[in-house]
Protein chains: 4
Amino acid sequence: MRGPDFTLTAGPTMASDRVRAALGGPVLFDYDPVFLERFRSLEAKIADLLHTEQDVVLMQGEAVLGLEAVARALTAPGTKWLNLVSGVYAMWFGDWLRSFGAEVVTHEVGFDEAIDPADVDRILAEHGDIERVALVHSETPSGIENPLREIGPIAHRHGALMVADVVSAFGGCEVRVDDWKVDLCVAGPQKCLAGPPGMSIVVVGPRAWKAMEANPSAPRGSFMSLLDWKARWVDTDKSAFLYTPSVSDVNGVDAAVDEVIETGGIEASIARHELAGRATRAGVKAMGLELWARDERYAANCVTAVRCPEGVGTAQVLAHVRERYGVMLSKGYGPLAEKLFRLGHMGPAARSFYPLVAVTALGRGLADLGVKVDVGAGAEAVAQVISEGAAEAATA
Amino acid sequence: MRGPDFTLTAGPTMASDRVRAALGGPVLFDYDPVFLERFRSLEAKIADLLHTEQDVVLMQGEAVLGLEAVARALTAPGTKWLNLVSGVYAMWFGDWLRSFGAEVVTHEVGFDEAIDPADVDRILAEHGDIERVALVHSETPSGIENPLREIGPIAHRHGALMVADVVSAFGGCEVRVDDWKVDLCVAGPQKCLAGPPGMSIVVVGPRAWKAMEANPSAPRGSFMSLLDWKARWVDTDKSAFLYTPSVSDVNGVDAAVDEVIETGGIEASIARHELAGRATRAGVKAMGLELWARDERYAANCVTAVRCPEGVGTAQVLAHVRERYGVMLSKGYGPLAEKLFRLGHMGPAARSFYPLVAVTALGRGLADLGVKVDVGAGAEAVAQVISEGAAEAATA
Amino acid sequence: MRGPDFTLTAGPTMASDRVRAALGGPVLFDYDPVFLERFRSLEAKIADLLHTEQDVVLMQGEAVLGLEAVARALTAPGTKWLNLVSGVYAMWFGDWLRSFGAEVVTHEVGFDEAIDPADVDRILAEHGDIERVALVHSETPSGIENPLREIGPIAHRHGALMVADVVSAFGGCEVRVDDWKVDLCVAGPQKCLAGPPGMSIVVVGPRAWKAMEANPSAPRGSFMSLLDWKARWVDTDKSAFLYTPSVSDVNGVDAAVDEVIETGGIEASIARHELAGRATRAGVKAMGLELWARDERYAANCVTAVRCPEGVGTAQVLAHVRERYGVMLSKGYGPLAEKLFRLGHMGPAARSFYPLVAVTALGRGLADLGVKVDVGAGAEAVAQVISEGAAEAATA
Amino acid sequence: MRGPDFTLTAGPTMASDRVRAALGGPVLFDYDPVFLERFRSLEAKIADLLHTEQDVVLMQGEAVLGLEAVARALTAPGTKWLNLVSGVYAMWFGDWLRSFGAEVVTHEVGFDEAIDPADVDRILAEHGDIERVALVHSETPSGIENPLREIGPIAHRHGALMVADVVSAFGGCEVRVDDWKVDLCVAGPQKCLAGPPGMSIVVVGPRAWKAMEANPSAPRGSFMSLLDWKARWVDTDKSAFLYTPSVSDVNGVDAAVDEVIETGGIEASIARHELAGRATRAGVKAMGLELWARDERYAANCVTAVRCPEGVGTAQVLAHVRERYGVMLSKGYGPLAEKLFRLGHMGPAARSFYPLVAVTALGRGLADLGVKVDVGAGAEAVAQVISEGAAEAATA
């Protein structure tokens, strides 16, 4: 089978030319002075993009590794967490916490809804002794964005550590770590940054470090140990890695970050993703399909989830679209696998008419399989929103 | 300014990933045994794709060089040519012939029409002494395809050499050099093959070689000399180049050719371009725009020319589309510059929904500038033709 | 500072052009059918290269991750290990085992010596109840190769699981997993295969799976869980990943493996590394420097360790060589950091005159810093061994 | 057969990583605003490197094309040239001049010698009416450098146009077009710049333009026409190409030029080539082989020519070295093919220990074939010169 012509998925998504050139660049020795300097400067550039002065730790392994490392580092038997669940990843994070012995207070809403900050405030007040609050900022499996901006300060006011999964938020929507009182977050380079899927970006503030150090259950002497990174790298002159970093992944992420910086900065990146999401949603609705998110105000910028119409299966539709049109889209994930499609608009795919290709591929594919869809209206709506948005951006 | 997101032009067009990887491959010494073998096998593979057992000469320099070399090699003062003109390139070819002293009989039709073989037969009969017939198979500047299949045998029957410009035909529509009695043709790798624009592919048959050898005006001792290539390379053991070939261009063209061979062969490549052309034309018409070709039966497979509506200028529209949408399209060329747009669907751009992007970008761009265009209808039509065509291809 | 001209280190080492092109290839969605097929076929190809029919698990994260995962999976409090220590990695593996609660019997030799199989036999007999034997086949930090071929069957005979670190052995010296009765081993693609440093290749046989399943302490529900990989991927139809694999790393390793297969196979790869090691050692000795290995019979094929002469420091020498000559070499690692240099000859660096560059760079660099070295004699010796070895290989 | 491990030839030579990444970059439409801007800025950067304010014309086709275009543009029947011949290229340039009807005064020295400026002065004075003087600055086929610096002003003083082939001089030795009163020169990007071999860089001053315009025989309406470039590109707003430029070649040359600029500038580039030449010559002599140049003072910086010892043939030696060691070297060219070897040290190959590889490969290869060569002494000499030169460069 041929490779795809378009990869418009929920990630890994298509990488830009610049990122790919960097991935294919020379593989340097990790202690080569050029590589050491690149690694250190990448940390600093990422901190800037996330508006933080906290420590940035670049772990090898996609974000699932970083999230597990964080869950372990901050959990001792009995540690009391508030886990805010509006999607699959939050649900699974809770499973980890429980398996590590935490006492978990779960606040769950429908996976097509966002968390309401008022509920968080209320629950924290009711309990009074919650130590950590966990939130997934942007739930990639269902395209839902949660109000970290408001929840972070609430957690802080109640004396709890704010722990956020900003994996697919980074680059696609605003993430202001310090302003929002986030004590620890995990970002991923393979979503809106469109870097390669091999790195966990972990931002750790002083309160989080302190909590880990006080935790006898936190991993030590392990690939997964944040404390080892602190001892060996962060607290020294940053010249000894914990293990060999993936040189080509670092090169790729460095290029992705530079590309964001040099093409308008993080604000322009966020604006592109916001527009791509808006255009995609307009197209989906105009085609006569139903968005997964109950309210567009919390539909994510990185990916648009679309309810699967009756009469077809998600796997069937994806396979058809991939085979006939060379377009790779995503279905749902975990318990949502059969319920929705996901049109990714991250990184390069948030630009130009990529959303048009995604919307038309889904619409035309459904039509091929007998679903009544207005492809023309969908395409027209996408193009119109992009036109208006690009015009605004140009005059801004 | 940022690079484009989509290059959907009349060429150079976007290169495939495989071609780009080859272009970026190691630059070998031209007499390295691996390079020599690659060069020789490339000649053979190209001959196969063009259905010929004649000699293939790979000159360095885009097809304009090869065309000039041919015009010079086959023209002495007084040589009598029939020049069949249905477009800009044929017109310019005639200028060369005259400047080299030929006696040129010109048969010209509107640049939005194709040559009628019956006219060729009649003119050749009327004159009786025409030595060479020149035809542009596919006029890239206006998207018109001429019936080389029928004209070649007519020229042959009248004892004239058939000389064809198949630059943008190669890979996009059928070219059967030997069956069609073509004595000499020039193909380009940078159009439907989507290779780099740095090579002239010249196919020379025995009658054409003989005519050159008999021509005292044919270039000798020159970068442009086909006879030098014959003496130094073709007639020997193919181990001495006339000059240093462009190693990276050869690598790129070799990859482009391999890609055609390994993804269904030349017939599948032609079918893709035919479908892309059909889908594009359907979209253009459904949007309410007018095709340049008076009759779709001779609309080219490589590029679709669209008449520029009143009230806008081609340069203005292209610049707007490039700036707002990151999509690069072409306008007309030479005397047609202000009259038409060209949507390229060559190489990778003939696949998947690239034609949708081209049609929508043009339509939406025109709409932005005040032209009444039905973008939705256009997009719908493109998608539908692609769907039907892909379905047929899959069952074929 | 400029990037290096030559990376001749103990790894990451320079990647080949083919590997780099693959690393820079399109980033596919991990559930794209083309990627799924590539992932599965890569497992099969690696199994072939390692001469095994056991299961191959490709974990994301350099080999340290795989080794930790293995140590955890096979250790419950009280599990009795024999840890065979002839170098740094084995020493650290023991630290893990103890921290996970194992009862560790340590047999340690000098870090410039290899393990004697007779000792293993004796110790296993003495104890009678040792459950697992751990051996580092090729100690990269000191360039020592241990006789896994003989120790594997001994462990097997005594009823213990044979667990081997073949990270830097894979591709550079013979590894016959099934013939040698290895129950579990971890290989790395970033050493002699010269792939990118982002993957742990874990080969697990039925006895090892059984031991893990019986181990309540084995990681489950974790990035590090081999049992999760078994449940989710190995025992199913291999269509659900445990987490997103690093697409570009997989592409890179796939290319590295194909390159080995298509350039003479694994035997030719081993022969190249063997010759490169022999040539390097001849050069080192001829220059008047001292090899680290007490006996060349157990000097590793992947890297040559050289004792640091008196009067200079390893870091000083490396920095000088890197700065003046653009050549990156390695020093020792961990407790050996100040004691030795390492000249890498892995992957592309095992070919042609790369060993000459490494030897001359070290020799000339030492001479610059006042050490008495016969650079010419060293270079001559390297070239002569390569000449003889290449001549033999050609006639073989 | 495998590709080479080292390409250390007289060109095409190995391209740098940066150049290769650029060659493999996106193929843009030639009228894309980004490409247009790149093309124009490349002209300006090249002018800077050549210390000129004259016009730079970037023709598609390796330097042979540019040289022929120049010879034609400046020759009418009877035009009187002084052709200064110290090598193969100058000899062939004279053949062109004669075939175009020039009256050619030839001053020829041995091909292992350089032109003496005093002779030029004398001959110009004797004749009094010589219109153009032709000199090859650096004769790649024999590694001889001529004193353009002194000859240019002499020609100027005598009222003749100074026409120089600086193809392999550019980037490797000083070329000051304006200071040296050069009216027209042709440079190549595929030699010391290590760009791809697909472009002729022609620098034309006002006197040369005037001479062309006054020449009715100068090509017009041709791929080879400098006057067409002037009319269509140079004298306008530089927005209309004469023909489609090779986009990937332009990308590659642009990267090569940027690399020179950003790694110390043209002076540092020249110094690297000078040192590489010096080191190579020291090695050749120490091995007991004989340099081709009678006097090292005029040995070229780009390539070192070595006399072929008795008893072996150049083709035999090259094939052996390529096969056994994976190292590609060059033999002589044209009438010198059997007389000498050429070790290239251009671009990346002028750095680090590449000269060591070239010298050792030749020496060891000759030794394999029975020639008495002191490989060790040669390697030692190369390394020592590089060490001293690099030390000086660092303190400069």
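The structure this text deals with has already been given above.
**Student:** Quick rundown of the side chain of Ser-168 of chain A? Include the residues and the values.
**Tutor:** Residues and elements named next belong to chain A. By secondary structure assignment, the location of Ser-168 is in the loop between strand E8 (161–165) and strand E9 (184–187). With relative accessibility at 2%, the residue Ser-168 sits in the buried group. In this structure the side chain of Ser-168 is engaged in a polar contact, spanning 3.0 Å, whose partner is the side chain of Thr-140. Contact partners of Ser-168, with chain neighbours within four places excluded, come to Ser-138, Thr-140, Lys-191, Cys-192 and Cys-302.

**Student:** Describe the nonpolar core, and please don't skip the residues or the numbers.
**Tutor:** Judged by nonpolar contacts, the single largest core of 198 residues is most densely connected at Leu-184 and Leu-226 of chain B together with Leu-184 and Leu-226 of chain D. Leave out the neighbours within four places in its chain, and Leu-184 of chain D touches Val-70, Leu-74, Met-162, Val-163, Ala-164, Val-202, Val-203, Val-204, Ala-208 and Met-212 of chain D. One finds Leu-23, Trp-96 and Val-186 of chain A together with Ile-270 of chain C within the second-largest nonpolar core, a separate group that totals 196 residues.

**Student:** Requested: an account of the relation of the copies chain C and chain A, with residues and values cited.
**Tutor:** By a simple turn and slide, chain C fits onto chain A: the slide is 0.0 Å along the axis, the RMSD is 0.0 Å, and the turn is 180°. On the angle and the small slide along the axis, the relation comes out as a two-fold axis. No C-alpha of chain C lies nearer the rotation axis than that of Gly-24 of chain C, which sits 2.0 Å from it. An overlap of 100% is found between the interface residues of chain C and their copies at the interface of chain A, pointing to a shared contact surface.

**Student:** Outline the sheet that holds strand E2 (residues 55–60) of chain C, listing residues and values.
**Tutor:** Residue and element names in this part refer to chain C. Pairing is mixed in the open sheet, where seven strands are placed in the order E2-E10-E9-E8-E5-E3-E4. What marks the edges here is a single partner per strand, and that holds for E2 and strand E4 (103–108). Taken over all neighbouring pairs, the strand axes of this sheet differ in orientation by 20° on average, direction set aside. Here strand E9 (residues 184–187) pairs with strand E10 (residues 199–204) via four bridges, running antiparallel. Looking at E10, one finds that Val-186 is bridged to Val-202. Along the sheet, helix H7 (residues 206–213) makes contact with E2, strand E5 (132–136), strand E8 (161–165), E9 and E10, crossing E10 at roughly 100°. Along the sheet face, helix H8 (residues 226–234) touches E2 and E10 and points at about 115° away from the line of E2.

**Student:** Let's hear about the pattern of salt bridges: which residues, and what values?
**Tutor:** Taken as a whole and assessed by the stated rule, the structure comprises 116 salt bridges over all chains. The shortest N-O distance in the salt bridge between Arg-20 of chain A and Asp-17 of chain B comes to 2.8 Å. You can see Arg-20 of chain A sitting in helix H1 (residues 17–23) and its partner Asp-17 of chain B sitting in helix H1 (residues 17–23), one on each of two chains. Residue Arg-20 of chain A is classed as buried on the basis of its relative accessible area of 13%. In this structure, Glu-296 of chain B and Arg-281 of chain B form a salt bridge, with 2.6 Å as the shortest nitrogen-oxygen distance. Placement of the pair is Glu-296 of chain B in the loop between helix H10 (265–286) and strand E11 (303–307) and Arg-281 of chain B in helix H10, with a sequence separation of 15 residues. Owing to a relative accessible area of 28%, Glu-296 of chain B belongs among the partly exposed residues under this scheme. For Arg-281 of chain B, a relative accessible area of 7% puts it in the buried group. Several salt bridges share partner residues, and in doing so they unite Asp-112, Glu-290, Arg-294 and Arg-307 of chain A into one network.

Cut-offs used in this document
Residues numbered from 1 in each chain as written. Chains lettered and ligands numbered in written order. Predicted model: local features only at pLDDT ≥ 70, side-chain atom pairs only at ≥ 80, totals over all residues. Heavy atoms only, no water. Helix = DSSP H or I, 4+ residues; strand = E, 2+ residues; numbered from the N terminus. Buried < 20%, exposed > 50% of the residue type's maximum accessible area, 1.4 Å probe, protein only. Polar contact = N/O pair within 3.5 Å; in protein donor to acceptor, adjacent residues only side chain to side chain. Contact = heavy atoms within 4.5 Å. Core = buried A, V, L, I, M, F, W, Y, C linked by side-chain atoms within 4.5 Å. Least-squares fit on C-alpha atoms with pLDDT ≥ 70 in both. Pairing = 2+ DSSP bridges. Axes fitted to C-alpha atoms, helices over the stretch in contact; angles between N-to-C directions. Salt bridge = Lys/Arg side-chain N within 4 Å of Asp/Glu carboxyl O.

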